[in-house]
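Here is what each chain is made of, one letter per residue.
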Amino acid sequence: MTRCFGDRTTFGVEVGEIQPPSLRVVDLWVAGKRLTIDDSSAFVPSLSHAMRSTAAQVRKRDVKPCPFPGRDPEETFRLLHADETEFREQFWFMQWGEIVDNVSTYAYLDRDLVILFAFWRAGHPFPDDLGKVFVTRIPPDDFAATVEEAADLLDAEFVTVKPAPTTCEI
């Protein structure tokens, strides 16, 4: 059974079926778009750790303010994405492994947490989404609570399958 945290229209996490030995179906939604279109099988230990790290960063407000004040979020995304220096790395967001390797995601604080993303794979199943920048705003504590609740579930229901002992272990 899938458990849902947050809201698909702003930010949501859906935790689905367990795929032993250590994978779980996890779908991420931002601004009404599912980010995990290409791959939603997450390695639970890595994802849970990354989620908790991001939640703590946001809860502490350890997210940079808008790098280009006065610019709209779409233009901010394009300026960050075009930057080829380490500057843009300060704004990388939700670097949560292969489940989100089909999107470029940045974030900054502007009272709310502003999350900006764009799909980049040519084979994206929704061609009209390519080249578009999607934006959502969410209170930082709401984002952190959603992520922490999903990570709590992932950790609580984490299943490991211990391999059968070999003759050397008997």
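Everything discussed here concerns the structure shown above.
Residues numbered from 1 in each chain as written. Predicted model: local features only at pLDDT ≥ 70, side-chain atom pairs only at ≥ 80, totals over all residues. Heavy atoms only, no water.

Remarks on the overall build of the protein
Stated precisely, the cut-off is as follows: Starting at the N terminus, helices and strands are each numbered in turn, a helix being any DSSP run of H or I of at least four residues and a strand any DSSP run of E of at least two. Using a 1.4 Å probe on the protein chains alone, a residue whose accessible area is under 20% of its type maximum counts as buried, one over 50% counts as exposed, and one in between counts as partly exposed. Here, two residues are considered to be in contact whenever any of their heavy atoms come within 4.5 Å of each other. Methods summary: accessible areas were calculated by the Shrake-Rupley approach with a probe of 1.4 Å, and residue burial reflects only the protein chains presented. In this tally Asp and Glu are treated as negative and Lys and Arg as positive; neither His nor the chain ends contributes. Taken as the charge centre is NZ of Lys, CZ of Arg, CG of Asp or CD of Glu, depending on the residue.
Within the protein, the secondary structure is distributed over three helices and eight strands. The order of α-helices and β-strands along the protein, N terminus first, is β-β-β-β-β-α-α-β-β-β-α. For the C-alpha atoms alone, the extent of the protein along its principal axes is close to 65 × 35 × 35 Å. Considering the protein as a whole, with its 170 residues, one finds that 42% of them fall into the buried category. Long-range contacts, defined as pairs at least 24 residues apart, comprise 53% of the intrachain contacts of the protein with a sequence gap of at least 6. By element, 51% of the accessible surface of the protein is carried by carbon and sulfur atoms, the whole surface being about 9,200 Å². Separation between the mean location of the 18 positive side-chain charges and that of the 28 negative ones in the protein comes to 2 Å.

Overview of the nonpolar core
Quick note on the threshold: Working definition of a nonpolar core: buried Ala, Val, Leu, Ile, Met, Phe, Trp, Tyr and Cys residues. They are joined through side-chain atoms within 4.5 Å.
Core analysis: the biggest nonpolar cluster contains 38 residues, and Trp96, Leu113 and Phe143 have the highest contact counts within it. Among the secondary structure elements, those contributing two or more residues to this core are strand 2 (11-19), strand 3 (23-30), helix 1 (44-59), strand 6 (103-110), strand 7 (112-119), strand 8 (134-138) and helix 3 (140-156). Among the elements that make up this core, the one with the highest residue count is helix 3 (seven residues). Judged by nonpolar contacts, the second largest core, of ten residues, contains Leu80, Phe91, Val114 and Leu116.

Some thoughts on helix 3
Defined as follows: Expected span of a helix: the number of residues minus one, times 1.5 Å.
With 17 residues, helix 3 extends 24 Å from end C-alpha to end C-alpha; this agrees with the ideal 24 Å at 1.5 Å per step. Residues Pro140, Phe143, Ala144, Thr146, Val147, Ala150, Ala151, Leu153 and Leu154 constitute the buried set of helix 3.

Side note on the pattern of salt bridges
Convention followed: Salt bridges are defined by distance alone: a side-chain nitrogen of Lys or Arg within 4 Å of a carboxyl oxygen of Asp or Glu.
Enumeration according to the criterion identifies 13 salt bridges in this entry. A network of salt bridges, in which partner residues are shared, links Arg59, Arg61, Asp141 and Glu148.

Regarding the side chain of Thr105
Within the fold, Thr105 resides in strand 6. Judged by its relative accessible area of 5%, Thr105 is buried. When sequence neighbours within four positions are dropped, the list of residues in contact with Thr105 reads Phe91, Trp92, Phe93, Gln95, Ile115, Leu116 and Phe117.

A few points about the sheet that holds strand 6
What counts, and what does not: If DSSP finds at least two bridges between two strands, the strands pair. Note on geometry: axes are C-alpha line fits, over the in-contact stretch for helices, and angles between N-to-C directions span 0 to 180 degrees.
Here three strands make up an open sheet; going across it, the order is 6-7-8 and the pairing antiparallel. Where the open sheet ends on each side, the last strands, each with one partner, are strand 6 and strand 8. Recorded for the sheet is a direction-independent mean angle of 20 degrees between the axes of neighbouring strands. Both strand 6 and strand 7 contribute to a ladder of eight bridges, which runs antiparallel. Opposite Val103, over in strand 7, you have Phe119 as the bridge partner. With respect to the sheet, helix 2 (residues 73-82) is in contact with strand 6, strand 7 and strand 8, its orientation differing from that of strand 6 by roughly 120 degrees.

Any functional reading would require information that these geometric values do not contain.
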